[in-house]
Protein chains: 2
Amino acid sequence: MQDAALHGAQVPSREAILDAATALMARFGYAGTSISKISAASGSPASSIYWHFGSKDGIYLAVLRRARQHLVSSLPGTRPAGDTVGERLTAFLDGASAAFENHPHDLRLLLGLGMLEEGTGAAAIAELGQYRLALRQWATDSLGHVFGLADRPAVADELARFMLSVVGGTAIARWFDGPVTSLPVQQLRVALLALARHHRLPVDEGPP
Amino acid sequence: MQDAALHGAQVPSREAILDAATALMARFGYAGTSISKISAASGSPASSIYWHFGSKDGIYLAVLRRARQHLVSSLPGTRPAGDTVGERLTAFLDGASAAFENHPHDLRLLLGLGMLEEGTGAAAIAELGQYRLALRQWATDSLGHVFGLADRPAVADELARFMLSVVGGTAIARWFDGPVTSLPVQQLRVALLALARHHRLPVDEGPP
DNA sequence: GTCTATAACCAGATAGAC
DNA sequence: GTCTATCTGGTTATAGAC
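The paragraphs below set out a description of the structure included in this document. Treat the numbers as computed from the prediction; the structure is a model and nothing was measured.

Rules behind the numbers
Residues numbered from 1 in each chain as written. Chains lettered and ligands numbered in written order. Predicted model: local features only at pLDDT ≥ 70, side-chain atom pairs only at ≥ 80, totals over all residues. Heavy atoms only, no water. Least-squares fit on C-alpha atoms with pLDDT ≥ 70 in both. Helix = DSSP H or I, 4+ residues; strand = E, 2+ residues; numbered from the N terminus. Buried < 20%, exposed > 50% of the residue type's maximum accessible area, 1.4 Å probe, protein only. Contact = heavy atoms within 4.5 Å. Salt bridge = Lys/Arg side-chain N within 4 Å of Asp/Glu carboxyl O. Core = buried A, V, L, I, M, F, W, Y, C linked by side-chain atoms within 4.5 Å. Axes fitted to C-alpha atoms, helices over the stretch in contact; angles between N-to-C directions. Left-handed = near helix turned anticlockwise from the far one by under 90°. Nonpolar A, V, L, I, M, F, W, Y, C, P; charged D, E, K, R; others polar. Phe/Tyr/Trp six-rings, centres within 6.5 Å; stacked < 30°, edge-to-face > 60°. Lys NZ or Arg CZ within 6 Å of the ring centre and 35° of its normal.

So, on to the relation of the copies chain B and chain A. Under the fitted operation, chain B is carried onto chain A by 0.0 Å of movement along the axis and a turn of 180°, and the coordinates agree to an RMSD of 0.1 Å. Accordingly, the operation relating the two chain copies is best matched by a two-fold axis.

And the structure:
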């Protein structure tokens, strides 16, 4: 497979193709997105697409890579501000909610395209794994900082998994219900605090 | 579209076709499943498939219908047993976890095939909505009974949505990680109890 | 109800001029 | 880097014998 990076030139059409492919694949999935649709949506002929990406798998891989970069670089830092657990947790959840709102495409790509196994290249599958790992790492680090869990990584990991389950489930609900549905920040707050207490973590919050 | 029901005959091949189509669509999605693959997997020629279901949309609709029936009929009743909130909640979550383990196909169909909008028939989309509603109704009724929420339906609905978000997110994690991942029953228990307390519901459980 | 055969079309991918 | 033209194969769907 050829790649524009090897040729050194800056290619505006490359980005346009990626934009179109991202939107289509987030909507219709990998199998449901054809080269000709990408061609029509981006304005570039099919041969240009192949010149840039070599194959349909190549486009998919490039789309995933860019989506991961976009999403990860839009995440807030892993040290949410605040003097108390409650403040830091609020800051963390607000940041997560904002990222959730601003990157529906990228999330859908991660979630919806998990269905491939056969029929797609190993590189794309690996990229998907990286995508998911990056999110997990971010959540684990952030929650570790919120609750002061440097010495209890297992607990941080458990909280992150639970949190990401809710994120994933909410993303599903969103693609049925549309943008009305957003992250249930309040419930997540209550749930995460309860899980922290359940692990006997010091949580400086009582009933109001 | 024709339909075997109109012809009155019992058709064993119909079920075989549906079995094959269910497995394939749960794995590869709607667009990724072709008639010829269903034909090869079920042993019936393509023309038989069209005789039974009329179109690819027709197969999809029938697959969804049957998956919904299977899943819904496998759910435990909406009145989990127990004298205390804690006991009823445990019974409810154990039942949900069992259904989750036993019906990965049916859940995947619900979740993964949400990506269609265009390109698939309106009837199939409506069926998907029914599918999802049935699950929501079951969760709402069950949690209403667990916490005694006959007079506070909004709270029951909120708890059900939160619970189903976790279920959906876990289903996603499962199709990355495989059957190792199951419903986080313990965390769900802690979270749901905390949300109930947050709504000032009487919860007969303190720290042990 | 199931078979073989096939029509009509669209998919992924490539060739070669420019 | 982009264009037009094209090849090959798979796709949905149908026709008509049995």
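Tracing the sequence through the fold places Leu195(B) in helix α10 (residues 185–198). Its relative accessible area of 1% is what places Leu195(B) among the buried residues. Those residues within four positions of Leu195(B) in sequence are excluded, and the remaining contacts are Gln187(A), Val190(A), Glu158(B), Leu159(B) and Phe162(B).

Moving on: the pattern of salt bridges. Counting across every chain of the model gives 16 salt bridges over all chains. Of the charged contacts, one joins Arg66(A) and Glu15(A) as a salt bridge, the two residues approaching to 3.0 Å between their closest N and O atoms. Taken together, the positions of Arg66(A) in helix α5 (residues 56–74) and Glu15(A) in helix α2 (residues 12–28) put the pair 51 residues apart, joining distant regions of the chain. For Arg66(A), a relative accessible area of 12% translates into the label buried. Between Arg65(B) and Glu127(B) there is a salt bridge whose closest N-O contact spans 3.6 Å. With a gap of 62 residues between them, Arg65(B) in helix α5 (residues 56–74) and Glu127(B) in helix α8 (residues 122–147) connect regions that are remote in the sequence. Among the residues examined, Arg65(B) registers a relative accessible area of 42% and is labelled partly exposed. Judged by relative accessible area, Glu127(B) falls into the buried class, the value being 4%.

Counting residues in each nonpolar core, the largest one holds 130 residues, and the members touching the most others are Phe147(A) and Phe147(B). Not counting the four nearest positions on each side in its chain, Phe147(B) is found in contact with Val85(B), Leu89(B), Leu159(B), Leu192(B), Leu193(B), Ala196(B), Leu201(B) and Val203(B).

Glancing now at the side chain of Arg174(A). Residue and element names in this part refer to chain A. Within the secondary structure, Arg174 sits in helix α9 (residues 153–177). Taking the relative accessible area as the measure of exposure, Arg174 reaches 13% and is therefore buried. Contact partners of Arg174, with chain neighbours within four places excluded, come to Phe100, Glu101, Pro104, Pro179, Thr181 and Ser182.

For the rest of this paragraph, the subject is the packing of helix α6 (residues 85–102) of chain A against α9(A). When two helices pack together, you describe them by how their axes are tilted relative to each other and by the distance separating the axes. All names here are of chain A. In contact at an axis separation of 12 Å, α6 and α9 are set at 35° when each is read in the N-to-C sense. When the axes of α6 and α9 are compared, the crossing they make is right-handed. Facing α6, whose interface residues are Phe92, Leu93, Ala96, Phe100 and Glu101, α9 presents Met163, Val167, Thr170, Ala171 and Arg174. Here the residues of the contact of α6 with α9 sort into seven nonpolar, one polar and two charged.

The next thing to look at is the packing of aromatic side chains. Going through the model one piece at a time under the given rule, you end up with five aromatic pairs over all chains. Centroid distance Phe162(A) to Phe162(B): 6.3 Å. Interplanar angle 45°. Geometry classified as tilted. Within this pair, whereas Phe162(A) is found in helix α9, its partner Phe162(B) is found in helix α9 (residues 153–177), the two belonging to separate chains. The same class applies to Phe162(A) as to Phe162(B), namely buried. With a centroid separation of 5.4 Å and 40° between ring planes, the pair formed by Phe92(B) and Trp138(B) is classed as tilted. Of this pair, Phe92(B) sits in helix α6 (residues 85–102) while Trp138(B) is found in helix α8, placing the two residues 46 residues apart along the sequence. Judged by its relative accessible area of 3%, Phe92(B) falls in the buried class. For the cation-ring pair, Lys37(A) lies above Phe28(A), with the distance from its terminal atom to the ring centre recorded as 5.4 Å. In this structure, Lys56(B) packs its charged tip against the face of Tyr30(B), placed 4.4 Å from the ring centre.

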